[in-house]
Amino acid sequence: MKQVFLFTGTVEGKRLARRLGAAGIETVISVSPEYGAVMPDNPGPDDTTEFLQGKMNESETEAAIRRMAPQIVVDATHPYALEASARIRAAAKKAGVPCLRLKRKSMDSPDRKVFLFPETRDMIPALQRSTGNIMIAAGAETVQPLAEAEGLATRLFVLIPPTKDGLEACEAAGISREHVIAMQGPFSGEMNRALLRNYAIRHLVIGTEGHNGDFSERIFAAQETGTAVYVPGETEGEGIPYAEILDRLGELFSVELRDVVTVSISLVGTGPGEKNCITEEAGQAIREADVLFGEDHLLEPWRIGKKVYAYSRGEDILPKLEQLIREARQGDPHVRVAILQAGDTGFHSGTTGLIFYLTNWRRRMLLSDTGRLQMRIRTFPGISSVQMMAARLQDHWDSAFVTDPSGEESSWREVFRRIPLEKRTYLLVDGVSDVEKLRDWIREQDPEREKYSIYAGYQLTYSEERIFADEGMHPGIGAEDAICDPFPDILPEGNYTVMIRNSKPENRKGQTESQVLAGLPNDMFLREKEIPLTREEVRTIALSKLRITEPAVVYDIGSGSLAVELGRLLSDSEIYAIEKEGDRAELIRRNVKHLSAREVTVVEGEAPEALEGLPAPTHLIVEGAEGRLFGILQKVFLRSPGARAVILADTLEAKTELAQLLSGSVLTEYTILDPEYIELNVSHNRKLGGHHALKAESPVAILSFRFGRRPGA
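This one's a predicted model, so the numbers in the text were calculated from it and none came from an experiment.

Criteria and cut-off values
Residues numbered from 1 in each chain as written. Predicted model: local features only at pLDDT ≥ 70, side-chain atom pairs only at ≥ 80, totals over all residues. Heavy atoms only, no water. Helix = DSSP H or I, 4+ residues; strand = E, 2+ residues; numbered from the N terminus. Rg over C-alpha atoms; globule rule 2.2 N^0.38 Å. Contact = heavy atoms within 4.5 Å. Areas by Shrake-Rupley, 256 points an atom, 1.4 Å probe, with all protein chains shown as cover. Lys, Arg positive; Asp, Glu negative; His and termini not counted. Charge placed at Lys NZ, Arg CZ, Asp CG, Glu CD. Phe/Tyr/Trp six-rings, centres within 6.5 Å; stacked < 30°, edge-to-face > 60°. Buried < 20%, exposed > 50% of the residue type's maximum accessible area, 1.4 Å probe, protein only. Lys NZ or Arg CZ within 6 Å of the ring centre and 35° of its normal. Pairing = 2+ DSSP bridges. Axes fitted to C-alpha atoms, helices over the stretch in contact; angles between N-to-C directions. Parallel < 35°, antiparallel > 145°, perpendicular 65-115°, else oblique. Left-handed = near helix turned anticlockwise from the far one by under 90°. Expected span 1.5 Å × (residues − 1). Arc of directions from axis to C-beta.

S.K.: Before we move on, can you summarise the overall build of the chain with the specific residues and values?
M.R.: When its secondary structure is counted, the chain shows 21 helices and 32 strands. Computed over its C-alpha atoms, the radius of gyration of the chain comes to 39 Å, more than 25% above the 27 Å expected for a compact globule of 713 residues. Taking the principal axes of the C-alpha coordinates as reference, the chain spans close to 130 × 65 × 40 Å. Pairs at least 24 residues apart make up 68% of the contacts formed inside the chain by residues separated by at least 6 positions. Accessible surface computed for the chain: about 33600 Å², of which carbon and sulfur atoms make up 49%. Counting 85 positive and 106 negative side-chain charges, the chain places the averaged centre of each group 4 Å from the other.

Below is the structure:
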């Protein structure tokens, strides 16, 4: 005696056969083409499972049930195998064996492409969001409302019997004769497949009148060709959900039949914009998913037949995933998820953060549910907007500087430092304001403005795509096919990717042929009468006493020239030259530009008040701040207790303050650690007739130290 007689033709039936076999429950499985297209594979040991193949009528079905004498019959045939299902129920009733009908929503088919609608007009929005040809095989009354819907008429093909009423209905709806297929059914599966392929049909509208074999054949043909099916006037049939079938059989045979829940998560790069720019592999991952996460504009082309959640952050996605797993334990034990990310998953994408969240969450979930949960995370790359921009400009980007400033001031300083050094710079920007910031910077680069060309790619891959250009003397774009428009007075709002071409990039050391590492000659600086310049020997020693490493944040208060030297030497730091007098601040700005000290920002104001709003320093230089020195040091210490300082003094008053620091006679919250005091006496040679003499310069004191907290302070 077999315990279960299973009629199957669905994915759920296949899973059920496997679960019964794994539990050692003796089962006879009846498989027929009219039940569906899914054949169970390896359901269980040979001694517990028996197969019956071929179509049986009602009396033959009853005889088979009586012969096998099962405890229960399970009808897991296809939702549209209605005639077969009716025969199975009737045969089981006559044989006196209880029968369970497995209920499966049509939308739950494996390829997620069967959709039910109460009426014809209810399916119109779904068809309007789709692309590709549509075949109507649902009767003449369905043609008119679909033909009148915006955007559908030219995509419609009508399969209709060659009757006068049917042909007149097509003509009245404005369907061209080339799109009318007048043929008398019923059609075989082979004929249905041929029609769908011959007319490149991607969407099939079918009626349910009579639910005859023609209806089922069309469903199966559509599934085999990957065609979406739309059924108006259809409701779900009677039956018991898969999870409840498992529970009832488990209770009957005193075994646990619930499936292990399998979670598949795909992180998908959707490219720069339009759906047609996605890779085939990424598109397949989305189509196979039941549930989609992502920002609204990324989800829009894929909504039909999916559960959609407009979440993109890990902390929002994980609770919903846990809910989906709980639901899967009550039904389909598969959770298929795709999380959509703009552009490429490995290029300035949120994918990195999501992988961190998901991998830690997976580890926690697997540990808490050992043996009942399986999970797989895959990543599918996309095309970045930088790649698309390079393609539009017939350019290459393999040697370009590529970055995303992300609105951070430090990132923008790095951008403006690198543009003069790079032949190509590609930037992912936040919008119009960032494009204008870049264009304004280029306009200010006189006398070298003409070496720069800026291109702003607007809404790349969308129908409104344009490339705005402001070109210099040598744009160097690779082909005339790169069609560009002049920058308009007002840029339209939207997404932008920017490329800047520099026809004469500087070498990595600045504008000079060779880089002086420290102690620039005084004659390299722009000078103004009455504005002193820290001597090069003093600058060299002071720089050595800073013991600087990158990244650093440096305050230069009162010198300016030391900030300029550091701005030429450092590439990953922030340097602030604080100067209270306007003419001196302007001279520092001119030297910053003249000597390509691109890391330097000039702050006009008097310290310590002018330090407000600046990032906490790692290093401090002070020159000529007598009378305000202790206030400056206190301010810096409170903001950065571990900073290193170098103080320059060339007057008696300033040297007295250094002596007070060394002696500890000034009551402060800080103390100085590892102090080093030197007095620098420099003499320069000068020619007197046929001889050389030395002329002494004013001695300069240099005190270097680290801040420390005074005990008890």
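The rest of the description comes next.
S.K.: Now, about the packing of aromatic side chains: what can you tell me, with residues and values included?
M.R.: For the coordinates displayed, the defined rule picks out 18 aromatic pairs. Considering the side-chain rings of Trp441 and Tyr452, the 5.7 Å spacing of their centres and the 65° angle between planes classify their relative orientation as edge-to-face. With Trp441 in helix α16 (residues 432-443) and Tyr452 in strand β20 (residues 452-458), this residue pair connects regions lying eleven residues apart in the sequence. Taking the centre distance of 5.2 Å and the plane angle of 40° together, the rings of Tyr458 and Tyr496 count as tilted. Placement of the pair is Tyr458 in strand β20 and Tyr496 in strand β23 (residues 496-502), with a sequence separation of 38 residues. We note that Tyr458, like Tyr496, is buried. The rings of Trp412, Phe416, Trp441 and Tyr452 are connected pair by pair, giving a single aromatic cluster. The ring of Trp302 carries the charged tip of Lys275 above its face, separated from the ring centre by 4.3 Å. Over the face of the ring belonging to Phe401 we find Arg418, whose NZ or CZ atom lies 4.0 Å from the ring centre.

S.K.: Requested: an account of the sheet that holds strand β9 (residues 180-182), with residues and values cited.
M.R.: The sheet built from six strands is open, its strands ordered β6-β11-β10-β7-β8-β9 with parallel pairing. Sheet topology places β6 (114-117) and β9 at the edges, where each strand pairs with a single neighbour. This sheet shows a mean twist of 20° between the axes of neighbouring strands, independent of strand direction. Sheet analysis places strand β7 (residues 133-137) next to strand β8 (residues 156-160), joined by three bridges and oriented parallel. Pairing of Met135 across the sheet is with Phe157, part of β8. Across the face of the sheet, helix α7 (residues 189-198) comes into contact with β7, β8, β9 and β10 (201-206) while running at roughly 130° to β10.

S.K.: Before we move on, could you go through the packing of helix α1 (residues 11-22) against helix α9 (residues 242-253) and cite the residues and values that matter?
M.R.: Contact pair α1 / α9: the axes reach a minimum separation of 11 Å and the direction vectors enclose 25°. As the angle between them shows, α1 and α9 are arranged roughly parallel. In this structure, α1 crosses over α9, and the sense of that crossing is right-handed. Seen from α1, the contacting residues are Glu12, Arg15, Leu16, Arg19 and Leu20; seen from α9, they are Tyr242, Ile245, Leu246 and Leu249.

S.K.: Describe α9, naming the residues involved and giving the relevant values.
M.R.: For α9, which comprises twelve residues, the first-to-last C-alpha distance of 17 Å matches the rise-based estimate of 16 Å (1.5 Å per residue) to within 8%. All of the buried residues in α9 are Tyr242, Ala243, Ile245, Leu246, Leu249, Gly250 and Phe253. Looking straight down α9, one finds that the buried residues subtend no more than 155° of arc, so they occupy a single side. The inward-facing, buried residues of α9 abut β1 (4-8), α1, β4 (72-76), β5 (99-103) and β12 (240-241). One or two steps after α9, the chain reaches Ser254, where phi turns positive at roughly 55°.

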